[in-house]
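Observations on the three-dimensional arrangement
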Amino acid sequence: GPKVLQIPSHQIIDMGQMVTLNCDPVSNHLYFYWYKQILGQQMEFLVNFYNGKVMEKSKLFKDQFSVERPDGSYFTLKIQPTALEDSAVYFCASRRGRNYAEQFFGPGTRLTVL
Amino acid sequence: SQWGEENLQALSIQEGEDVTMNCSYKTYTTVVHWYRQDSGRGPALIILIRSNEREKRSGRLRATLDTSSQSSSLSITAAQCEDTAVYFCATDPGGADRLTFGKGTQLIIQP
C-alpha cells in the first residue's frame, strides 16, 4: 500500500541544537501532519499543513517548531532550539484529499535530546 | 476503555479466543478510526466507522459505534498471534482535520 517514509529513524542531539525531521509523504497526497508520541503515552497532534500553509497547530507546537514543504520535496519539522521535553517519537502522516478520511503514517523518528 | 487518565492498558488472551476493546470519546466525531501499531512502526488503519454507521466488518474485525454514548468497540474474532499489537481508537473531534488518539490497548495473543 501507500507508504510514508521518515528520515532519520533515530536522532540524538544536545539540548539547544537545531534538528530537522524529514518526511516523504505519499506522492499524490495533499494534506500533511506531524504527531508526537512520548513513550507509553498517546499520540498527540502537533500541526497540519495544506497548500503550503499551516492550517491548525496544537499547544504542543511551540514557537521553536516550524514546518515547511519547499517545492514538493520533503515535508519537514524543524525544532530550533531543542529542549529536553522534545524527546519523543515524531510521526508524519499524509492524507490524499478532502474526501478521504484515512491518514497514512510513517514509521516515526525517535528524537533524543540530551 | 481508552480515554481518561488511565495508562496504556494491556490485554493477554489465548490464540483462537475472541476479544473486544472499547473506546469512549469526549467530543462529537464524524468518524472513528481504529489503528494498530506494531513495535517500532507507525500506526496503520485497520477499520474506520462513520457516524452514520452502527457496525462495520472487515474480515475478522468488527467495529461498532454508539454516537449517543460516544463510544466505539473493536472486536477480533479467533485471535491469532499476528494480531499482537497496540490498538488505538482515534477521532476527528468536531470534524476537525486532526486525529485525537486514545491511550491504546496492548493486545498480546499467547500461542
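None of the values given here were measured: they were computed from a predicted structure.

**Overview of the interface of chain A and chain B**
How big an interface is tends to be stated in terms of the accessible area lost upon association of its parts. Counting residues at the interface gives 18 residues for chain A, matched by 19 residues for chain B. Contact between chain A and chain B buries roughly 1500 Å² in total, counting both sides, with carbon and sulfur atoms accounting for 51%. On inspection of chain A and its partner chain B, the count reaches two salt bridges. Asp-97 of chain B is the salt-bridge partner of Arg-95 of chain A, the closest N and O atoms lying 3.0 Å from each other. Those elements giving two or more residues to the side of chain A that touches chain B turn out to be β4 (31-37), β5 (44-50) and β9 (88-95) of chain A. Here the side of chain A that touches chain B gets four residues from one element, more than from any other, and that element is β4 of chain A.

**Things to note about the nonpolar core**
Of all hydrophobic cores here, the largest spans 23 residues; its most connected members are Trp-34, Leu-46, Val-67, Phe-75, Leu-77 and Tyr-90 of chain A. Mapped onto this core, the elements with two or more residues apiece are β3 (19-24), β4, β5, β7 (65-68), β8 (75-79), β9 and β11 (109-113) of chain A. Contact partners of Phe-75 of chain A, with chain neighbours within four places excluded, come to Leu-21, Asn-22, Cys-23, Phe-32, Tyr-33, Trp-34, Phe-49, Val-67, Glu-68, Arg-69 and Cys-92 of chain A. Counting residues in each nonpolar core, the second largest holds 20 residues, with Tyr-25, Ile-49, Ala-85 and Tyr-87 of chain B among its members.

**Some details on the sheet that holds strand β2 (residues 19-24) of chain B**
All names here are of chain B. Taken together, four strands build an open sheet; the order of strands is β2-β7-β6-β5 and the sheet is antiparallel. Among the strands making up the open sheet, the edge pair consists of β2 and β5 (55-58). With direction set aside, neighbouring strand axes in the sheet form an average angle of 15°. Two elements, strand β6 (residues 61-66) and strand β7 (residues 71-76), share six bridges in a ladder whose sense is antiparallel. Each residue of the ladder has a partner; that of Ala-63, found in β7, is Leu-74.

**Some words on the environment of Gln-37 of chain B**
Considering the arrangement of structural elements, one finds Gln-37 of chain B in strand β3 (residues 29-37). When its relative accessible area of 10% is taken as the criterion, Gln-37 of chain B is described as buried. Each C-alpha atom of the pair Gln-37 of chain B and Ile-47 of chain B lies 13 Å from the other, and the pair is 10 residues apart in sequence. If we ignore the near neighbours within four places in the chain, the residues touching Gln-37 of chain B are Gln-37, Met-43 and Phe-91 of chain A together with Gly-42, Pro-43, Ala-85, Val-86 and Phe-88 of chain B.

**So, the state of the cysteines**
One pass over the full model with this rule turns up two disulfides over all chains. Put simply, Cys-23 of chain A and Cys-92 of chain A are joined by a disulfide, and their sulfur atoms are 1.9 Å apart. Taking the torsion about the S-S bond as the criterion, the Cys-23 of chain A to Cys-92 of chain A disulfide, at about -65°, is left-handed. In this pair, Cys-23 of chain A sits in strand β3 while Cys-92 of chain A sits in strand β9, placing the two residues 69 residues apart along the sequence. The buried category is assigned to Cys-92 of chain A, whose relative accessible area is 0%. Two residues, Cys-23 of chain B and Cys-89 of chain B, share a disulfide whose sulfurs are 1.9 Å apart. Between Cys-23 of chain B and Cys-89 of chain B the sulfur-sulfur dihedral comes to about 75°; the bridge is accordingly right-handed. On the criterion of sequence distance, the pair formed by Cys-23 of chain B in strand β2 and Cys-89 of chain B in strand β8 (residues 85-93) is long-range, its members being 66 residues apart. By relative accessible area, which is 2% here, Cys-23 of chain B ends up buried. Classification of Cys-89 of chain B by relative accessible area gives buried; the value is 0%.

Rules used throughout
- Residues numbered from 1 in each chain as written.
- Chains lettered and ligands numbered in written order.
- Predicted model: local features only at pLDDT ≥ 70, side-chain atom pairs only at ≥ 80, totals over all residues.
- Heavy atoms only, no water.
- Contact = heavy atoms within 4.5 Å.
- Buried area = accessible area lost by both parts, 1.4 Å probe.
- Salt bridge = Lys/Arg side-chain N within 4 Å of Asp/Glu carboxyl O.
- Helix = DSSP H or I, 4+ residues; strand = E, 2+ residues; numbered from the N terminus.
- Core = buried A, V, L, I, M, F, W, Y, C linked by side-chain atoms within 4.5 Å.
- Buried < 20%, exposed > 50% of the residue type's maximum accessible area, 1.4 Å probe, protein only.
- Pairing = 2+ DSSP bridges.
- Axes fitted to C-alpha atoms, helices over the stretch in contact; angles between N-to-C directions.
- Disulfide = S-S within 2.5 Å.

On their own, these measurements won't tell you what the molecule is for.
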